[in-house]
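Next come the chains, spelled out residue by residue.
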Amino acid sequence: MLPANGFHSVCLREQLARVYLVDDYTLLIDLHKRAERQGPGGSAETRRAIELAGLGNSDPIKLADIGCGTGASTLLLAQSLNARITAVDFSPEFVEQLRYKAESHGLSNRISTLVCSMDNLPFDNEEYDVIWSEGAIYNMGFKKGVEAWKRFLKPRGLLVVSEITWITHSRPPELQQYWDTEYPEIDTASAKIGILENSGYSPIAYFVLPECCWLDNYYRPLQSSFPDFLRRQGYSQESQAIVASEEKEIALYERYKSHYSYGVYIARKLD
Ligand code: SAH
């Protein structure tokens, strides 16, 4: 994963601070909003997390899906669970796509949307049974996120969160340096689980997203969308720079995929 301009790889605010061009934000939204997902993931993996979390289809629950994007996980959660879902993202454009999809799947009555930053959520203490977040918590940082969101969970509530993770003990210096700049919080699963333990959670399960979640579900569809995106943008220099940067991110993943992935962490809030 690269600094690129992929939403999953770098905090959007950070990107904006770096490039300081609102135009780039508009371009990024235009590139990503038609996609099924805005980061690596998969339906099978969302289902696996549901199962590992022990979430059945019986008792009604309240769930918040934070950094929902256009709703790949939200829609599946709404179909699979007896849940009232609050889907949160700070991009109104993504949320609009989600609302449209929820409507056309007949799921609007289960999903309410909120355009809001994940570090300033207007939720009540102990409001939610489950907090779900796929490929998004890096935007505020894993430690800060799991600590901040804990108060929104009921006692013994569940946290399900995916986070970029080292899957080998050591790695090439080039890759390490890259991530030290992009997301210094990248770490091993044991370190992430330690953070959960130290933040008042009891870890229940962890698994690694397989390669298909990156390539088949995210990068390949993104690459197929480049020609239309460039055409829509009149092949502007900015749009070409965005494509180049996404391609760089994809090449980095293809080269070093044995060293990193997203880990999916499932934990219960302690009483
Ligand atoms: N969960 C989705 C999207 C992952 S990409 C999926 O798996 O497809 C990360 C998402 O986080 C993007 O939709 C982006 O708009 C959102 N995001 C980035 N910073 C945010 C913030 N500070 N608050 C809320 N959402 C944010």
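J.: Mind showing me how you'd approach the overall build of the protein chain here?
T.: A tally of helices and strands in the protein chain yields ten helices and eight strands. Whereas a compact globule of 271 residues would reach a radius of gyration of roughly 18 Å, the protein chain reaches 18 Å, a difference of no more than 12%. For the protein chain, the C-alpha atoms occupy an extent of roughly 50 × 45 × 30 Å along the three principal directions. Expressed as a percentage of the 271 residues in the protein chain, the buried residues total 54%. A sequence separation of at least 24 residues applies to 76% of the contacts in the protein chain between residues at least 6 apart. Carbon and sulfur atoms form 49% of the exposed surface of the protein chain, whose accessible area is close to 11900 Å². Of the side chains in the protein chain, 28 bear a positive and 36 a negative charge, and the two mean positions are spaced by 3 Å.

J.: Mind showing me how you'd approach the pattern of salt bridges here?
T.: Pairing between side chains of opposite charge can happen when their charged atoms approach one another. For the structure shown, the criterion picks out ten salt bridges. Two residues, D30 and R232, come together in a salt bridge whose shortest N-O distance is 3.1 Å. One end of the pair, D30, is in helix α2 (residues 22–32); the other, R232, is in helix α9 (residues 211–232), with 202 residues separating them in the sequence. Look at R232 and you get partly exposed, because its relative accessible area is 38%. In this structure, E127 and K62 form a salt bridge, with 2.8 Å as the shortest nitrogen-oxygen distance. Taken as a pair, E127 in the loop between β3 (111–115) and β4 (128–133) and K62 in strand β1 (residues 61–66) lie far apart in primary sequence, 65 residues in all. Through salt bridges with shared partners, one network takes in D30, R34 and R232.

J.: Honestly, the packing of α9 against helix α10 (residues 237–256) in this entry has me stumped. Any pointers?
T.: Packed helices, taken two at a time, are described by the angle between their axes plus the distance between the axes. One can describe the packing of α9 onto α10 by two numbers: an axis separation of 11 Å at closest approach and a directional angle of 160°. By the angle class used here, α9 and α10 are roughly antiparallel. In the crossing of α9 with α10, the sense of the turn from one axis to the other is left-handed. Of the residues in α10, those in contact with E211, W214, L215, Y219, R220, L222, Q223, F226, F229 and L230 of α9 are S239, Q240, I242, V243, E246, E247, E249, I250, Y253 and E254.

J.: How should the site of the ligand be read in this particular structure?
T.: Of all residues adjacent to the ligand, which total 17 residues, the nearest are Q38, G67, D89, M118 and E134. The contact in question runs from a nitrogen atom of the ligand to an N or O atom on the backbone of F90, over 3.3 Å. Within the side chain of N139, an N or O atom sits 3.4 Å from a nitrogen atom of the ligand. Here the residues of the shell around the ligand sort into six nonpolar, eight polar and three charged.

J.: Where do I start with the environment of A64 in this structure?
T.: Tracing the backbone through its elements, the reader meets A64 in strand β1. Residues in contact with A64, not counting those within four places in the same chain, are T86, F123, Y128, V130, I131 and W132.

J.: When you look at the confidence of the model for the protein chain in this model, what are you seeing that I'm missing?
T.: Should pLDDT be low for a region, the predicted coordinates there are not to be read in detail. Model confidence for the protein chain is summarised by a mean pLDDT of 92, while 92% of its residues fall at 70 or above. Between residues 1–20, whose pLDDT stays under 50, and residues either more than four places distant or in other chains, the model counts 82 contacts.

Conventions adopted
Residues numbered from 1 in each chain as written. Predicted model: local features only at pLDDT ≥ 70, side-chain atom pairs only at ≥ 80, totals over all residues. Heavy atoms only, no water. Helix = DSSP H or I, 4+ residues; strand = E, 2+ residues; numbered from the N terminus. Rg over C-alpha atoms; globule rule 2.2 N^0.38 Å. Buried < 20%, exposed > 50% of the residue type's maximum accessible area, 1.4 Å probe, protein only. Contact = heavy atoms within 4.5 Å. Areas by Shrake-Rupley, 256 points an atom, 1.4 Å probe, with all protein chains shown as cover. Lys, Arg positive; Asp, Glu negative; His and termini not counted. Charge placed at Lys NZ, Arg CZ, Asp CG, Glu CD. Salt bridge = Lys/Arg side-chain N within 4 Å of Asp/Glu carboxyl O. Axes fitted to C-alpha atoms, helices over the stretch in contact; angles between N-to-C directions. Parallel < 35°, antiparallel > 145°, perpendicular 65-115°, else oblique. Left-handed = near helix turned anticlockwise from the far one by under 90°. Near = heavy atom within 4 Å. Polar contact = N/O pair within 3.5 Å; in protein donor to acceptor, adjacent residues only side chain to side chain. Nonpolar A, V, L, I, M, F, W, Y, C, P; charged D, E, K, R; others polar. pLDDT = per-residue confidence, 0-100.

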